[in-house]
Amino acid sequence: MPGPARTPNEIKRKRGTLKPSKSGAVIAIKDSLPTLAHVDIPAGLGPIAADTWRRIIAQAGSWIAVSDREALEMLCKAVEFHADLGARINADGPVLFTDKGYAYPHPAVGMRATAEDSIRKWMSQLGLTPADRAKLGIAMVESQSKLDKFRQRLEQKAGRHAG
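Keep in mind that this is a model prediction, so the values were computed, not measured.

A short note on the overall build of the protein
Along its length, the protein carries 7 helices and 2 strands. If you list the helices and strands of the protein from N to C, you get α-α-α-α-β-β-α-α-α. Looking at the protein as a whole, 29% of its 163 residues are labelled buried. Restricting to contacts in the protein with at least 6 residues of sequence separation, those with at least 24 account for 63%.

A few points about the pattern of salt bridges
Within this structure, the stated rule accounts for 4 salt bridges. A salt bridge links Glu116 to Arg112; the nearest nitrogen and oxygen atoms lie 3.7 Å apart. With Glu116 and Arg112 both in helix H5 (residues 107–125), this residue pair falls 4 residues apart, about one helical turn. We note a salt bridge from Asp117 to Arg120, for which the minimum N-O separation is 2.7 Å. With Asp117 and Arg120 both in helix H5 and 3 residues apart, the pair spans about one turn of that helix. By relative accessible area, which is 37% here, Asp117 ends up partly exposed.

The rules behind the values
- Within any chain, residue numbers begin from 1 and follow the written order of that chain's sequence.
- Two thresholds apply to this predicted model, a pLDDT of at least 70 for residue-level local features and 80 or more for giving and counting side-chain atom pairs, whereas whole-chain, interface and lining totals are computed over all residues.
- Side-chain metrics rest on all non-hydrogen atoms present in the structure, leaving aside hydrogens and water.
- Only DSSP runs of H or I reaching four residues or more are called helices, and only runs of E reaching two or more are called strands; each is numbered from the N terminus.
- Exposure is judged per residue with a 1.4 Å probe applied to protein chains only, and the accessible area is read against the type maximum: over 50% gives exposed, under 20% gives buried, and values in between give partly exposed.
- Here a residue-residue contact requires only that any non-hydrogen atoms of the pair lie within 4.5 Å.
- Criterion for a salt bridge: a side-chain nitrogen of Lys or Arg within 4 Å of a carboxyl oxygen of Asp or Glu.

Here it is as structure tokens:
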């Protein structure tokens, strides 16, 4: 039985409830490993996988390193496989029938659930979820300090900048 859902550090920081011991240092991405931002799409990817590659690189290309190329390729292929299974289920229906009229679940339904787990794991490995980005120390949301909140309230009351 899974426990309660954990709140990502990004959200805690935005709310101002992130403990200082959990905040960690933000990584300077510019001087780290060479990234995949300028690497061509691998040959052999289908149209859905290639589109997934482009979208991920556009959003996360600053921290996905060249050494992560195979992991990203596996993620893109898993996304395409998931889409293919979804199309098959939509075409055939989630329930199939034998020649004698007995109903049974479409085998692609279970395969699709397994593909979703695989996608989630690859996304986690590449830091593509809020919780994993927080673990990496990237894309953290800046919180507003209590002093800034106090000054903002004073400005609203007085109608001027409180300094």
